[in-house]
Amino acid sequence: ISSKNCAKGCVGSSGEVYDVDNVWAWRDGLNVHYVRRDPVYQSSRESSGSEPPPAVLLLPGFGVGVFHFQRNIDELARQGFQVFSFDLVGQGLSWPDDDPGADHIARELKGRGNPLVYGVDLWVEQISAFVEQIVFRNNDARTNVSQQRRRLFVIGNSLGGLLAAAYCARNPNRVRGVGLLNATPFWAFAPHERHARESGVAAVVRALLPWDGALPAPRILQTIITKFWWNQLRRPNTIRAMLSLVYADESALDERKPEREANGSENDLIANIIEPTVHPHAASAFASMAFAPRAELDFADMLGVIESERIPVVLCYGREDPWISPMWAERAARAAPSAQYVELSPAGHCPHHEAPRAVNTLLTRWMKGVVCKINSDELMQAHGESFVEEGVNERVVVARVRHSVGAHKELDQR
């Protein structure tokens, strides 16, 4: 996907047609690449009315970006949703104007009270600003709906799932529903500053770390990370090996569009992952991520806040994920007992990319149930399927898993 500003109808590098494919100048020279896909209405009647279409924000995981949702954005738009997605700063095509690792830039940012740390706090701040300045402002300019009444669906995979939960816990009045796709329940090793103040163990751990992630990185540390870690991780063979580990079906790593196969094009997913790693700021961004602190709330506490605010939640997990195994999904379901919990098999860490038809179907039914105020439990039972055809001779089993507080798991496989 090109990072250049595009007009309506821009075609990305993977062949998608977006209504907006642009760069948003956020703060302190941070540029955020994002896309917007407006609903594809079948008739003028569907598009009439003063209410804006339901907005959906898709949040990618670590090392990927907007391109990882290329199998979802158009289909959700065809179902009547206005879909947004962006690259997290320090990843994809979202980068600062100037090298934040340069001493004079770092001093300037620290002087403003905004030292740059690529971590959860920064990314949640990015989500909040994007929602207010891009999602709601775009719709409020075209409708009579006030910003106070606007809410959106926030859906994230892996790290994006953790960020979705963190944003929702901080901004419950902005959220219509949250979808977690194999959400990682943890990120980073360093304790949050608040935990370090309240816990002696956390304070010791934080004190032992050589750096807090605020750029610029210590030169020796940057050299070690780049040489022995970063340069190994960004090799194509390493990336493919890691993806093969977390995808249940390795063929899903390759784009299966007939026109791309006819052209003999190389794997888009791996190429798109590699592209940002050659950015001149990439190594320092990775170093900052490695030492950035954790979120202030842990994942279970985030879900607890969401549950207390009665925000609808859907947990959609690939059962064959070796990283975020069903055990973690079950813990999330216990923290949010009113959530819908669905497992897909075969599917791994990125079910939206590996089993897009199944995930698109589930998300669409769940979101329409929320919008129409239909009990999503009844909706998913009434329209459930035992499997979804993902391709020729490829079926993904959809298993609905229900939890109640303190109860054991009940599996209803239809």
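Residues numbered from 1 in each chain as written. Predicted model: local features only at pLDDT ≥ 70, side-chain atom pairs only at ≥ 80, totals over all residues. Heavy atoms only, no water.

> When you look at the overall build of the chain in this model, what are you seeing that I'm missing?
A count of helices and strands for the chain gives 17 helices and 14 strands. Looking at the chain as a whole, 54% of its 414 residues qualify as buried. Within the chain, contacts between residues at least 6 apart in sequence are counted, and of these 72% link residues at least 24 apart. As displayed, the chain offers around 18,400 Å² of accessible surface, 52% of which is attributable to carbon and sulfur atoms. (Helix = DSSP H or I, 4+ residues; strand = E, 2+ residues; numbered from the N terminus. Buried < 20%, exposed > 50% of the residue type's maximum accessible area, 1.4 Å probe, protein only. Contact = heavy atoms within 4.5 Å. Areas by Shrake-Rupley, 256 points an atom, 1.4 Å probe, with all protein chains shown as cover.)

> Please clarify how the packing of aromatic side chains should be interpreted in this entry.
The geometry of an aromatic ring pair is captured by two quantities: the separation of the ring centres and the angle between the planes. With the rule as written, the count across this model stands at 13 aromatic pairs. Centroid distance Phe62 to Trp187: 5.5 Å. Interplanar angle 50°. Geometry classified as tilted. Here Phe62 is found in the loop between β5 (55-59) and α2 (73-78), whereas its partner Trp187 is found in the loop between β9 (175-181) and α6 (193-198), with 125 residues between them in sequence. Between the aromatic rings of Phe186 and Trp328, the centroid separation amounts to 5.3 Å while the plane-to-plane angle is 75°, which identifies the pairing as edge-to-face. Of this pair, Phe186 sits in the loop between β9 and α6 while Trp328 sits in helix α14 (residues 326-335), placing them 142 residues apart in sequence. In this arrangement the basic side chain of Arg27 is found over the ring face of Trp26, its NZ or CZ atom lying 4.9 Å from the centre. (Phe/Tyr/Trp six-rings, centres within 6.5 Å; stacked < 30°, edge-to-face > 60°. Lys NZ or Arg CZ within 6 Å of the ring centre and 35° of its normal.)

> I would appreciate a short explanation of the pairing of β5 in the present structure.
Regular strands have side chains that alternate between both faces of the sheet. Within β5, five of the five residues are buried, which leaves it mostly tucked inside the rest of the structure. Burial of the side chains of β5 extends over both faces: Ala55, Leu57 and Leu59 are buried on one face and Val56 and Leu58 on the other. Note: β5 against strand β6 (residues 82-86), four bridges, orientation parallel. Along β6, the bridge assignment pairs Ala55 with Gln82. Since β5 and β6 lie parallel, the crossover through α2 that links them has a hand, and here it is right-handed. Relative to strand β8 (residues 152-157), β5 is paired through five bridges, and the arrangement is parallel. Following the sheet pairing, Val56 is matched in β8 by Phe153. (Pairing = 2+ DSSP bridges. Right-handed = clockwise from strand over helix to strand, strands pointing away.)

> Which parts of the structure should I look at to understand the packing of helix α8 (residues 219-233) against helix α12 (residues 282-291)?
The geometry of a pair of packed helices is captured by two quantities: the angle between their axes and the separation between those axes. The N-to-C vectors of α8 and α12 enclose an angle of 100°; their axes lie 10 Å apart at closest approach. In terms of orientation, α8 lies roughly perpendicular with respect to α12. Across the interface between the two elements, Leu221, Gln222, Ile225, Thr226, Trp229, Trp230 and Leu233 of α8 pack against Ala282, Ala283, Ser284, Phe286, Ala287, Ala290 and Phe291 of α12. Of the residues belonging to the contact of α8 with α12, the class tally is 11 nonpolar, three polar and no charged. (Axes fitted to C-alpha atoms, helices over the stretch in contact; angles between N-to-C directions. Parallel < 35°, antiparallel > 145°, perpendicular 65-115°, else oblique. Nonpolar A, V, L, I, M, F, W, Y, C, P; charged D, E, K, R; others polar.)

> So what exactly am I meant to see when it comes to unusual backbone geometry here?
Trans peptide bonds make up the majority, and among non-glycine residues the majority have a negative phi. Backbone torsion omega between Leu215 and Pro216 reads 5°, so that peptide bond is classified as cis. In this fold, Pro216 is placed in the loop between α7 (200-208) and α8. Ser345 connects to Pro346 through a cis peptide bond whose omega is 0°. Assignment of secondary structure puts Pro346 in the loop between β11 (340-345) and α15 (351-354). The phi dihedral of Asp28 falls on the positive side, at around 50°, and the residue is not glycine. With respect to the helices and strands, the residue Asp28 is situated in the loop between β3 (20-25) and β4 (30-37). Unlike most non-glycine residues, Ser158 shows phi in positive territory, near 55°. Relative to the helices and strands, Ser158 is located in the loop between β8 and α5 (159-170). Residue class for Ser158 comes out buried when judged on its relative accessible area of 12%.

> Any chance you could explain α14 here in plain terms?
The α-helix advances 3.6 residues per turn, and as a result positions three or four apart in sequence lie on the same side. Residues Ala329, Glu330, Ala332, Ala333 and Ala335 constitute the buried set of α14. Of the surrounding elements, those touching the buried residues of α14 are α13 (299-308), β10 (313-318) and β11.

> Before we go on, may I ask you to explain α13 in this structure?
Listed in full, the buried residues belonging to α13 are Phe299, Met302, Leu303 and Ile306. On an axial view of α13, the arc spanned by its buried residues comes to 95°, and they lie on one face. Summarising the contacts, the buried residues of α13 are in contact with α5, β9, β10 and α14. The positive-phi residue at the C-terminal boundary of α13 is Arg310, with phi of around 60°. (Arc of directions from axis to C-beta.)

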